[in-house]
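# Structural characterization, general
Letter by letter, the chains look like this.
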Amino acid sequence: MSHSLFSPSSISSLLSCQTQLFVPENLGGEEDNAYTTEGTVAHNLIERCAELGADPSSLVGTRDGGMPITGEMAADAKLFLDEVARIVKANPGAQTFHEVRLVHSIISEFGGTMDCLIVTEDDIFVLDFKFGAGISVEVENNKQLLCYAMLALDEHGRRNIHLTVIQPRRPHHDGPVRHWSPTWADIEDFADELIEGVMW
């Protein structure tokens, strides 16, 4: 799958230093690739279980691309799926999309793939799964998630935005599941910053 020039996962560094647009990708070593592969397998597990309606524990011991699905991976995937289920239960009629890719209707080079997008008549929920244990990911003012919010708003129209980071493997004072509902002022300020960066 091709990646957009302006992707949510890299937007933070791009907005702080636009010259990184011209830096070659994949500069990480073998250790970086191993973590990336592990994260990809964990995301695949969530998507597969969502499609099948299966409990992740039922797939422990199986392999994905040569990498085994561990009990820790299954437990973390279940935490993510439980949070999705909680939101859906509280919002009857919600539409749920896993691993959904959106591209902006006007800025064709701006697009990204969300781990989970839940849409109701009044609200948009964006959930991001972080399997890494290295750095705690904050949900408030998270530029990657704000990019996803912008893409979802472009696709589904104006609604209230709710952002969630699920990061089970890295301890955080707010716990592994962290929420933030940005105001419209937050959204508009970020949109201005994003447009300025894109125009550059």
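Rules of the game
Residues numbered from 1 in each chain as written. Predicted model: local features only at pLDDT ≥ 70, side-chain atom pairs only at ≥ 80, totals over all residues. Heavy atoms only, no water. Helix = DSSP H or I, 4+ residues; strand = E, 2+ residues; numbered from the N terminus. Contact = heavy atoms within 4.5 Å. Salt bridge = Lys/Arg side-chain N within 4 Å of Asp/Glu carboxyl O. Buried < 20%, exposed > 50% of the residue type's maximum accessible area, 1.4 Å probe, protein only. Expected span 1.5 Å × (residues − 1). Core = buried A, V, L, I, M, F, W, Y, C linked by side-chain atoms within 4.5 Å. Polar contact = N/O pair within 3.5 Å; in protein donor to acceptor, adjacent residues only side chain to side chain. Phe/Tyr/Trp six-rings, centres within 6.5 Å; stacked < 30°, edge-to-face > 60°. pLDDT = per-residue confidence, 0-100. Patch = residues over 30% accessible without salt bridge, like charges linked within 9 Å, V, L, I, M, F, W, Y side chains within 5 Å. Areas by Shrake-Rupley, 256 points an atom, 1.4 Å probe, with all protein chains shown as cover. Lys, Arg positive; Asp, Glu negative; His and termini not counted. Charge placed at Lys NZ, Arg CZ, Asp CG, Glu CD.

A tally of regular secondary structure across the chain gives five helices and seven strands. The order of α-helices and β-strands along the chain, N terminus first, is α-α-β-β-α-β-β-β-α-β-β-α. Residue pairs at least 24 apart in sequence account for 63% of intrachain contacts in the chain once pairs closer than 6 positions are excluded.

All told, the structure shown has six salt bridges when counted by the stated rule. A salt bridge links Glu38 to Arg169; the shortest N-O distance between them is 3.3 Å. Here Arg169 lies in the loop between strand 6 (160–166) and strand 7 (177–180) and Glu38 lies in helix 2 (residues 30–52), a separation of 131 residues in the sequence. The partner of Glu83 in a salt bridge is Arg86, with the nearest N and O atoms 2.7 Å apart. Note that Glu83 and Arg86 are positioned in helix 3 (residues 71–90) at a spacing of three residues, about one turn of the helix. Residue Arg86 is classed as partly exposed on the basis of its relative accessible area of 46%.

For helix 3, which comprises 20 residues, the first-to-last C-alpha distance of 29 Å matches the rise-based estimate of 28 Å (1.5 Å per residue) to within 8%. When helix 3 is considered as a whole, its buried residues turn out to be Met73, Ala74, Asp76, Ala77, Phe80, Leu81, Glu83, Val84 and Ile87.

Below, the discussion takes up the nonpolar core. Met114, Leu117, Val126 and Leu163 are the most contacted members of the largest nonpolar core, which has 27 residues in total. Those elements giving two or more residues to this core turn out to be strand 3 (95–103), strand 4 (111–119), strand 5 (123–129), helix 4 (143–156), strand 6 and helix 5 (184–199). Considering every element that reaches this core, the biggest residue donor is helix 4, with nine residues. Contacts of Leu163, omitting those with residues within four sequence positions, involve Val126, Val139, Leu145, Leu146, Ala149, Arg178, His179, Trp180 and Pro182.

Bringing the side chain of Asn91 into the picture now. Mapped onto the fold, Asn91 is located in the loop between helix 3 and strand 3. Judged by its relative accessible area of 18%, Asn91 falls in the buried class. Apart from residues lying up to four places away in sequence, Asn91 is in contact with Thr120 and Phe125.

In this model, helix 4 (14 residues) spans 20 Å end to end at C-alpha, consistent with the 20 Å of a helix rising 1.5 Å per residue. Buried within helix 4 are the following residues: Gln144, Leu145, Leu146, Cys147, Tyr148, Ala149, Met150, Leu151, Ala152 and Leu153. Capping of helix 4 at its N-terminal end is provided by Asn142; its side-chain oxygen lies 3.0 Å from the backbone amide nitrogen of Gln144.

Quick look at the packing of aromatic side chains now. Applying the stated criterion across every chain, the model contains two aromatic pairs. Measuring from centroid to centroid gives 5.6 Å for Phe80 and Phe129, while their planes differ by 70°, and the two rings are edge-to-face. Of this pair, Phe80 sits in helix 3 while Phe129 sits in strand 5, and the two are 49 residues apart along the sequence. Here Phe80 and Phe129 have matching classes, each one buried. When the centroid spacing of 6.0 Å and the interplanar angle of 35° are considered together, the rings of Phe129 and Phe131 count as tilted. Look at Phe131 and you get buried, because its relative accessible area is 5%. Among the aromatic residues, those joined into a ring-pair cluster are Phe80, Phe129 and Phe131.

Okay, the confidence of the model for the chain next. Chain-level statistics for the chain give a pLDDT mean of 86 and a share of 82% at 70 or above. Segment residues 17–31: pLDDT under 50, and eleven contacts once partners within four positions in sequence are set aside and those in other chains are kept.

Taken together, Glu188, Asp189, Asp192 and Glu196 make up a surface patch of like negative charges. Along the chain, the position of Glu196 falls in helix 5. When its relative accessible area of 60% is taken as the criterion, Glu196 is described as exposed.

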